[in-house]
Amino acid sequence: MRNTLISLALLAALFVPSVEAQTSKSPGNYPPIQEYLMPQASEIALAKSAAPPNISEGATIKLLTTSGFKVVHQGDNGFVCMVMRGFSAPTYTPAQFRDLVYDASLRAPICFDPKASKEVMPYYELRTKLAMQGKNPDQIGEGVQAAYVRGELPKRDGVSFAYMWSADQNLGSGIGHWHPHMMVFAPYYDNSMVGVDTFGAPVPQVSDDAGTPFSVVVIPVDHNLFVKAEAK
């Protein structure tokens, strides 16, 4: 028990800023789960549009159901493509985006590389599970932090990445489809390590949860690399 308390205290010190410092100003209420769901064919096409065809054609595809993400196609290249919802909003920072969990229109196709599929995807799936249980952003943050301490989430021992190249992505009100970009999962990075660029600028920057194990560096790519979703 003593060791567990010490571990919790150490992890709390590493998470900058803390969950308590980033309380949600507008807890809100979740729309009905049906508003977050999609027809299967449309969701498969949207998930595959996250990456270039030479990646997505061999990837595992997961779809959101009322009980979380489920595999509908088993791939053979180690990548996993899915469509994240608002439930995958930043856990800690930027604070203004934490309430995107309540945005049922958000659609964020993503294709995780083999390492991120093992180490990062479970984090987003846990966030989704907690949100679908009705947890607010503060409670989601607390649940994620506790799960990481207990070893219920994989430890992130290095950098991994994901594609987000869909021309049909909707990253939330006021953001829309933004730029095609790479998500680089770089534990404990902050913006000073990639150039201290203005948030939202089309240049490399830390976009989510700076200074924590869940830090994300976003690297925009050429707009000509957008991939259009095509239902089959």
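Since the model is a prediction, treat every value here as computed from it, not as a measurement. Position numbers for residues count from 1 along each chain, tracking the sequence in the order it is written. Reporting in this predicted model follows two pLDDT cut-offs: at least 70 for local features of residues, and 80 or more for side-chain atom pairs to be given and counted; totals over whole chains, interfaces and linings ignore these cut-offs and use all residues. Side-chain figures throughout are based on the complete set of non-hydrogen atoms in the structure, without hydrogens or water.

Enquirer: Help me understand the overall build of the chain, please; the structure alone is not making it clear to me.
Expert: When you go through the chain residue by residue, the secondary structure sums to six helices and eight strands. Only DSSP runs of H or I reaching four residues or more are called helices, and only runs of E reaching two or more are called strands; each is numbered from the N terminus. Secondary structure elements of the chain occur, N-terminal to C-terminal, as α-α-α-β-β-β-β-α-α-α-β-β-β-β. For the exposure calls, accessible area comes from a 1.4 Å probe over protein chains only, and a residue counts as buried if that area is under 20% of its type's maximum, exposed if over 50%, partly exposed in between. Per-residue burial over the chain gives 50% buried out of 232 residues. Residues count as neighbours in contact if any of their non-hydrogen atoms are within 4.5 Å of one another. Within the chain, contacts between residues at least 6 apart in sequence are counted, and of these 67% link residues at least 24 apart. Carbon and sulfur atoms provide 57% of the accessible area of the chain, an area that totals close to 10600 Å². Here, Shrake-Rupley sampling with a 1.4 Å probe gives the accessible areas, and only protein chains in the shown set may cover a residue.

Enquirer: What's the story with the pattern of salt bridges in this structure? I'm lost.
Expert: Whenever Lys or Arg places a side-chain nitrogen within 4 Å of a carboxyl oxygen from Asp or Glu, that contact is recorded as a salt bridge. Using the criterion set out here, one finds eight salt bridges in the structure. Connected via shared salt-bridge partners are Lys115, Glu119 and Asp157.

Enquirer: Any chance you could explain the packing of aromatic side chains here in plain terms?
Expert: The pairing test for Phe, Tyr and Trp rings, Trp by its six-membered ring, is centres within 6.5 Å, and the orientation test on the planes gives stacked under 30 degrees, edge-to-face over 60, and tilted for anything in between. Counting across every chain of the model gives 13 aromatic pairs. Considering the side-chain rings of tyrosine 123 and tyrosine 124, the 4.8 Å spacing of their centres and the 65° angle between planes classify their relative orientation as edge-to-face. Pair check on accessibility: tyrosine 123 and tyrosine 124 agree, each one buried. Ring-pair connections join several aromatic residues into one group, and the members of that group are Phe112, Tyr123, Tyr124, Tyr148, Phe185 and Phe214. Over the ring of tyrosine 123 we find arginine 156, and its NZ or CZ is 5.0 Å from the ring centre. Working rule: Lys NZ or Arg CZ, within 6 Å of ring centre, within 35 degrees of ring normal, means a charge sits over the ring.

Enquirer: Explain the packing of helix α5 (residues 121–132) against helix α6 (residues 137–150) here, please?
Expert: Axes are the key here: two packed helices are described by the angle between their axes and the distance separating the axes. Two numbers describe how α5 lies on α6: the axes approach to 10 Å, and their chain directions differ by 135°. Relative to α6, the element α5 lies oblique. For the crossing formed where α5 meets α6, the hand is right-handed. For the pair α5 and α6, contact is made by Tyr123, Leu126, Arg127, Leu130 and Ala131 and by Ile140, Gly143, Val144 and Ala147, respectively. A fitted line through C-alpha atoms represents every axis, and for helices the fit uses only the stretch in contact; the resulting angles, taken between N-to-C directions, go from 0 to 180 degrees. An angle below 35 degrees is read as roughly parallel, one above 145 as roughly antiparallel, one from 65 to 115 as roughly perpendicular, and any other as oblique. A crossing counts as left-handed when the near helix is turned anticlockwise from the far one by less than a right angle, and as right-handed when that turn is clockwise.

Enquirer: What is the right way to look at the nonpolar core in this model?
Expert: Soluble globular proteins tend to pack their nonpolar side chains together in the buried interior. Membership of the largest hydrophobic core comes to 39 residues, with the highest contact counts inside it found for Ile110, Phe112, Tyr124, Val144, Met183 and Phe185. Put simply, the parts of the chain that give this core at least two residues each are β3 (80–84), β4 (108–112), α5, α6, β5 (160–164), β6 (181–185) and β8 (216–220). It is α5 that provides the largest number of residues to this core, a total of six residues. Once residues lying within four places of it in the same chain are set aside, the contact partners of phenylalanine 112 are Gly78, Phe79, Val80, Met82, Met84, Ser117, Val120, Met121, Tyr124, Phe161, Ala162 and Phe185. The nonpolar core is taken to be a set of buried Ala, Val, Leu, Ile, Met, Phe, Trp, Tyr and Cys residues, with the residues joined through side-chain atoms within 4.5 Å.

Enquirer: I keep staring at the sheet that holds β6 and nothing clicks. Help me out?
Expert: Sheet strands associate in pairs through backbone hydrogen bonding, adopting either a parallel or an antiparallel arrangement. DSSP bridges decide pairing: two strands pair if at least two such bridges lie between them. Taken together, eight strands build an open sheet; the order of strands is β2-β1-β3-β4-β5-β6-β8-β7 and the sheet is mixed. Only two strands of the sheet have a single partner each, and these edge strands are β2 (68–73) and β7 (205–208). Neighbour-to-neighbour, the strand axes of the sheet open up by a mean angle of 35°, direction not taken into account. For strand β1 (residues 60–65) and β2, the ladder comprises five bridges, and the chain directions are antiparallel.

Enquirer: What is the right way to look at the environment of phenylalanine 185 in this model?
Expert: Tracing the backbone through its elements, the reader meets phenylalanine 185 in strand β6. Of the residues examined, phenylalanine 185 reaches a relative accessible area of 1% and is grouped as buried. Separated by 30 residues in sequence, phenylalanine 185 and serine 215 have C-alpha atoms that sit 6.1 Å apart.

Enquirer: Looking at this structure, I do not really get the pairing of β8. What am I missing?
Expert: In summary, the side chains of a regular strand alternate between the two faces of the sheet. With four of its five residues buried, β8 lies for the most part within the structure. The sheet contact formed by β6 and β8 spans five bridges and is antiparallel. By the bridge assignment, methionine 182 is partnered in β8 with isoleucine 219.

Enquirer: Can you help me understand the environment of threonine 91 in this one?
Expert: Positionally, threonine 91 belongs in the loop between β3 and β4. For threonine 91, the contacting residues outside a window of four places in its chain are Arg98, Tyr123, Arg127, Gly141 and Asp209. Among the polar contacts made by the side chain of threonine 91, one reaches the side chain of arginine 127 at a distance of 2.8 Å. Whenever two N or O atoms come within 3.5 Å, that pair is a polar contact, provided that in protein one can donate a hydrogen and the other can accept it, and provided that, for residues adjacent in sequence, both atoms are side-chain atoms.

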